[in-house]
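One-letter residues, chain by chain:
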Amino acid sequence: MSAKQAPPPLPEPLRVPVADAHTHLDMQDGTVEDGLARAASVGVTTVVQVGCDIKGSRWAAETAAAYENVHAAVALHPNEAPRIVHGDPDGWSRQGAREGGGDTALDDALAEIDRLAALEQVRAVGETGLDHFRTGPEGVAAQERSFRAHIEIAKRHGKALMIHDREAHADVLRILAEEGAPERTVFHCYSGDAEMAGICAAAGYYMSFAGNVTFKNAQPLRDALTVAPLELVLVETDAPFLTPAPYRGRPNAPYLIPVTLRAMAEVRGIGEDAMAEAVSRNTARAFGY
């Protein structure tokens, strides 16, 4: 294994335990036990495991049922909805090549997300939202229909809504306003600017910052973090993606939360303990655990 692919070293442990508000343990190397133990050893004592399709959402619910410090989020990722409706001839997703099943197939998949969302260990409906980066114009209708359905499911079950918003800020905010957002709404891997942070703050939406807040070219994200009210800020890995600097490009995992959290504390000009206390409290409130 080259140094480029090697897992980064364990950071200095946090003194105040925190949660990873968004991770994909099923896409990471090693066992769940190992991942959780490594995270706990540096003060990351809770994780929110996020599903992106039916299989991943079932796995998230099962894993959260088996581990007290794992909470589940279940959903069809915005890029999954068009694949269900129109098919996925390239097999880009983890399911391999698929035929399109039309609106009926999307209804069936949403019914299964609805069933999972009722489970006690499932704390959020997500990641759902819009992705104008990966899906072309032909997939917009399926994405929007799926997003609106997820909002309704979250509200009916009294669960948090976890948003994936990629190059779709205005449309995501518009649909949330049209449908009426759930009481607890989280922008996962927040990617807006300071102006949008002001809009989210006014609406009471949580903003969850990932490792990309540490990237050199991410000044707009750091500006957003300075604007976001501290009581609406969360920290996440989105692991195995978005590994924080100086480990960018290497595999991410929940144990790297301290790296991002320390960078966030620096941006805010507060101590890491104060930052950790805030995000720990906020994550528990956002996901109702």
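It should be emphasised that the depicted structure is a prediction, and the values quoted were computed from it without experimental measurement.

## Quick notes on the packing of aromatic side chains
- Counted according to the given criterion, the structure contains two aromatic pairs.
- Taking 5.8 Å as the distance between ring centres and 35° as the angle between the ring planes, the aromatic pair formed by Phe187 and Tyr205 counts as tilted. Of this pair, Phe187 sits in strand 8 (residues 185-187) while Tyr205 sits in the loop between helix 7 (194-203) and strand 9 (206-209); the two residues are 18 residues apart in sequence, bridging distant segments of the chain.
- By relative accessible area, Phe187 is classed as buried at 2%.
- Arranged with centres 5.5 Å apart and planes meeting at 50°, the rings of Tyr190 and Phe209 form a pair that is tilted. On the criterion of sequence distance, the pair formed by Tyr190 in the loop between strand 8 and helix 7 and Phe209 in strand 9 is long-range, its members being 19 residues apart.
- Directly above the ring of Phe133 sits Arg166, whose terminal nitrogen or CZ lies 3.6 Å from the centroid.
- In this structure, Arg248 packs its charged tip against the face of Phe215, placed 3.7 Å from the ring centre.

## Considering the pattern of salt bridges
- Under the counting rule described, the total for this entry stands at 15 salt bridges.
- For Arg115, the salt bridge is made with Glu112, and the minimal N-O distance between the two is 2.8 Å. Linking Arg115 with Glu112, this pair stays in helix 4 (residues 102-117), spanning three residues, or about one helical turn.
- When the shortest N-O distance is used, the salt bridge between Asp171 and Arg174 registers 3.4 Å. With Asp171 and Arg174 both in helix 6 (residues 169-179) and three residues apart, the pair spans about one turn of that helix.
- Look at Asp171 and you get partly exposed, because its relative accessible area is 25%.
- The partly exposed category is assigned to Arg174, whose relative accessible area is 32%.
- Within this structure, Glu144, Arg148, Asp171, Arg174, Glu178 and Glu179 form a network of salt bridges that share partners.

## Observations regarding helix 5 (residues 140-157)
- The end-to-end C-alpha separation of helix 5 is 26 Å, in line with the 26 Å expected for 18 residues at 1.5 Å each.
- Inspection of helix 5 places Ala142, Gln143, Glu144, Ser146, Phe147, Ala149, His150, Ile151, Ile153 and Ala154 among the buried residues, and these make up the whole buried set.
- Buried residues in helix 5 make contact with helix 3 (80-86), helix 4, strand 6 (122-131), strand 7 (160-166) and helix 6.
- Taken from the residues just after helix 5, Gly158 is the one with a positive phi, measuring 65°.

## Comments concerning unusual backbone geometry
- Going from Ala239 to Pro240, the amide bond is cis rather than trans, its omega being 15°.
- Within the secondary structure layout, Pro240 lies in the loop between strand 10 (233-235) and helix 9 (257-268).
- Residue Pro246 follows Ala245 across a cis peptide bond; omega there is 10°.
- Structurally, the position occupied by Pro246 is in the loop between strand 10 and helix 9.
- Residues other than glycine seldom take positive phi values, yet Glu167 does so here, at roughly 55°.
- For Glu167, the location among the structural elements is in the loop between strand 7 and helix 6.
- Positive phi, normally seen in glycine, also occurs at Leu242, with a value near 55°.
- Tracing the sequence through the fold places Leu242 in the loop between strand 10 and helix 9.

## So, the environment of Ala218
- Within the element layout of this structure, Ala218 appears in the loop between strand 9 and helix 8 (219-227).
- For Ala218, the contacting residues outside a window of four places in its chain are Asn212 and Val213.

## Some details on the sheet that holds strand 1 (residues 18-23)
- Spatially, the eight strands line up as an open sheet ordered 1-2-3-6-7-8-9-10, and their pairing is parallel. The open sheet has two edge strands with one neighbour each: strand 1 and strand 10. Between one strand axis and the next, the sheet turns by 30° as a mean value, whatever way the strands run.
- One ladder, built from four bridges, connects strand 2 (residues 44-50) with strand 3 (residues 70-74); its direction is parallel. When the sheet's bridge partners are listed, Gln49 is paired in strand 3 with Ala72.
- Helix 9 contacts strand 1, strand 2, strand 9 and strand 10 of the sheet and is inclined by roughly 150° relative to strand 10.

## Concerning the side chain of Glu272
- By secondary structure assignment, the location of Glu272 is in helix 10 (residues 272-287).
- Within polar-contact distance, the side chain of Glu272 engages the side chain of Arg262 at 2.8 Å.
- Sequence-distant contacts of Glu272, that is, excluding residues within four places in its chain, are made with Leu14, Arg15, Leu261, Arg262 and Ala265.

Thresholds applied
Residues numbered from 1 in each chain as written. Predicted model: local features only at pLDDT ≥ 70, side-chain atom pairs only at ≥ 80, totals over all residues. Heavy atoms only, no water. Phe/Tyr/Trp six-rings, centres within 6.5 Å; stacked < 30°, edge-to-face > 60°. Helix = DSSP H or I, 4+ residues; strand = E, 2+ residues; numbered from the N terminus. Buried < 20%, exposed > 50% of the residue type's maximum accessible area, 1.4 Å probe, protein only. Lys NZ or Arg CZ within 6 Å of the ring centre and 35° of its normal. Salt bridge = Lys/Arg side-chain N within 4 Å of Asp/Glu carboxyl O. Expected span 1.5 Å × (residues − 1). Contact = heavy atoms within 4.5 Å. Pairing = 2+ DSSP bridges. Axes fitted to C-alpha atoms, helices over the stretch in contact; angles between N-to-C directions. Polar contact = N/O pair within 3.5 Å; in protein donor to acceptor, adjacent residues only side chain to side chain.

Coordinates in, geometry out; function isn't part of it.
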